[in-house]
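A closer look at the structure
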Amino acid sequence: MKRGIALFIVLVVLAGSAFAAPAKKYRIFMNPKFTGLSYFEICAEGAKEAAKELGVDFVYTGSEQADVQLQVQSLENIVAQRPDAIIVSAIDLNAVAPPLVRARAMGIKVVSYDADTAMNARDFFCNQMSYEGVARAMLDCALADSPQGGEIAFIAASPTSPNHMAHIRIMTELCKTDPKYKVFKPVATQFAGDDEAKSIDVATNLMQAYPNLKVIISSSAVSAPAAARAIEIVGKVGKVFATGVALPSSIRSYLKDGSEKAFFIWDPAKLGYMSVYVAKAALDGTLVNKVGTKVSCGKLGEFTVGKDGEIVYGRPLIFTPENIDQYNF
Amino acid sequence: MKSIFRSHRWELSIAIMVVLAGVWATTLSPYYLNGQQLLYSSRNLVFTGIMGLGLTLIILTGEMDLSLPSTLAVCTVLLAKSSAAHLPLGLALALIAAVALALGAFNGFLVAKLRLPALAVTLGTSGAYRGLAFIIGSETGYTGFDGTYKWLGSATVGSAAVPVMLFVFIAAVVVFGVIMHFSTFGRRCFAIGNNPMAVTYSGISVVRTKMGTYMIAALGAALGAWIFIGQYGSARGDNADGVILGVITSVVLGGVDINGGRGTVLGVLLSIIFLETLRNGMGLANISGSIQQLIIGALLVSGVLISNFSGRGIFAIRPRKQAKARPWAS
């Protein structure tokens, strides 16, 4: 009987091996902040397409929760498998540095996308848009929501997400210096860790703390629709607006029922696609970290390397009630 | 010779499982059976293993502590504050040791002195201490640690790059082993787990022993915190959030009776190694987190089932007079 149970355990465990992934030739691993979010899944779709075009082996793997230690562990697992390149979006730019620095020392190319790592931990950074580009696009969306201006608040993932913090810094500056955005007054910044429930709480608190709040701007694709939901729950539709980065599928209903007027994003599939081309070019040696070098990314065309190895994708999509139906991701 | 094996059936089974897991991991991924890889990934079992050893003492007395990871987080953020304030390492360690002892003593006071149910109490303190960690540390990951702070968790020795923290872990296993099996304190823990009434009537303070287990376990969490910041280089309020399940699994799978009174440090050590072998193998094979959870959960259930048939663990058949209605109260 006991032997039977032991055999059962062995079988359960062997069954798990059926889910193991095979590997050979140029192997590129993509590690998102966490695998649960459709934004990252779509990036991976684009990346898979590029991998097929280029004939490289592609593995998409990561932890299922937005947890710093879990991402570090999954990166260590990836490094132990000696891939040729790693594409990563970091939850905490410094925490992921140790395994990535080791990887680079072993000759593995590291390309960050969406959320950058510490600069010594990667060869190139595929930035979806320049931080200033995002800041301006979000303020433009806020203007569409509330042309007369007013108090605005920001929601970011965490103080250690360099992209979100940069957006907030630049938006705050633009509100002071740029006449177009001078109507806005930033009053608060809160953090919601890319978590939906937390974002709703945070947005609700912001509305309570600042009764004259006009727009909640979120850099996180999880927080923007959550803020719109919070506005609905609290019953302030039409008085407070939510905007920022969001996948069209998550804010379609808000645009259609008129409670929100504009959101924006870049095409995550194209960002993922581009990152694989950049990684392959880095592996082939055709892409060097010098300002002005050009890299060709298949059907997306050419991009130029900027300062500190940053390559900007730079093509925003702004969603309004009029055009939302054109997009189905 | 045969009787040694018979009385250590559980440990032998886990040892066999370790070997099987190693074989399975080797078939799953060609990268597994590599000395460097094994050494490097074994680091992952250290801080949770030390917490597991501390938890074993508590469980032996028939109690539970869910708050150890939260205590660890309080210590990591305190180390961050100390590093930012440029305190010498010794002072910072003394600080977290004192705080950990206080947190453990608080748990011990509620459970042992006031005789509140340990599961409920430590569930509460796990939340409270986690909140404390967030208040002290916030969500900003502190990463600018002074080199001396990070030494224990990141240093290696020799050309084979053996991580120093492995030696710390081995030392912890030896220390806990001595406490559990060769000291009066350990004997008292076993006795309390088996028959707290008899222990009280024989004049030994159950309260003091239980307080001791909570404080020792919390001290273990503090040591884990020091290793943690060296290993990950960052301290945040959410450090080690969610590891308690793995820690309890390693203790229960190690043959420690969850009602108290039975268990060996060897069993816990082997089960720690077994679980880490599994996680390492599955991670290298890129098996998704949910499948890993499923497998580890199935193992826990199987472990309980097997213990049922071998008369150990959660369904151990005990003499009627020792049957307890509320397993968490003495």
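Values in this document were obtained by computation on a predicted structure and should not be read as measured data. (Residues numbered from 1 in each chain as written. Chains lettered and ligands numbered in written order. Predicted model: local features only at pLDDT ≥ 70, side-chain atom pairs only at ≥ 80, totals over all residues.)

**So, the confidence of the model for chain B**
Residues and elements named next belong to chain B. Heads up, the condition is: For every residue, the pLDDT score states the predictor's confidence, bounded by 0 at the bottom and 100 at the top. Contact between two residues is assigned whenever their backbone-derived C-beta positions fall within 7 Å.
Looking at chain B as a whole, its pLDDT mean stands at 87, while 89% of the residues score no less than 70. Here residues 317-325 scores under 50 on pLDDT; set against residues more than four positions off or in separate chains, the count is five contacts. Listed scores for the predicted complex are pTM 0.80 and ipTM 0.78.

**Observations concerning the nonpolar core**
Applied cut-off: A set of buried Ala, Val, Leu, Ile, Met, Phe, Trp, Tyr and Cys residues, joined to one another through C-beta atoms within 7 Å, is what we call a nonpolar core. Each residue is classed by its C-beta neighbour count within 10 Å, where at least 20 other C-beta atoms makes it buried, 12 or fewer makes it exposed, and intermediate counts make it partly exposed; the C-beta atoms are placed from backbone geometry. Numbering of helices and strands runs from the N terminus; a helix is a DSSP stretch of H or I covering at least four residues, while a strand is a stretch of E covering at least two. The start and end points of each domain follow an automatic or database-based domain assignment.
Of all hydrophobic cores here, the largest spans 211 residues; its most connected members are I216 and V278 of chain A together with L79 of chain B. Ranked by residue count, the leading element in this core is helix α12 (residues 206-232) of chain B, at 15 residues. A domain split of this core shows at least three residues from each of domain 1 (21-129 + 268-314) and domain 2 (131-266 + 319-326) of chain A. Excluding residues that lie within four positions of it along the chain, V278 of chain A makes contacts with V111, F124, C126, L287, V295 and I311 of chain A.

**Section: the sheet that holds strand β13 (residues 310-312) of chain A**
Residue and element names in this part refer to chain A. Filter applied, for reference: Pairing between strands is defined by DSSP: at least two bridges between them are needed. Helix axes use the C-alpha atoms of the stretch in contact, all axes being lines fitted to C-alpha atoms, and the angles between their N-to-C directions lie in the range 0 to 180 degrees.
The sheet built from six strands is open, its strands ordered β2-β1-β3-β4-β5-β13 with parallel pairing. Pairing within the sheet leaves two strands with one partner each, and these edge strands are β2 (57-60) and β13. With strand direction ignored, the average angle separating the axes of adjacent strands in the sheet is 20 degrees. In terms of strand pairing, strand β1 (residues 27-31) meets strand β3 (residues 85-88) through four bridges, oriented parallel.

**Observations concerning helix α6 (residues 162-177) of chain A**
Residues and elements named next belong to chain A. What counts, and what does not: What a helix is expected to span follows from its residue count: subtract one and scale by 1.5 Å.
With 16 residues, α6 should cover 22 Å at 1.5 Å per step; its first-to-last C-alpha distance of 22 Å lies within 8% of that length. Regarding α6, the residues found buried are P162, N163, H164, M165, H167, I168, M171 and C175. Where α6 is buried, its residues meet α5 (131-145), β6 (150-156) and β7 (184-191).

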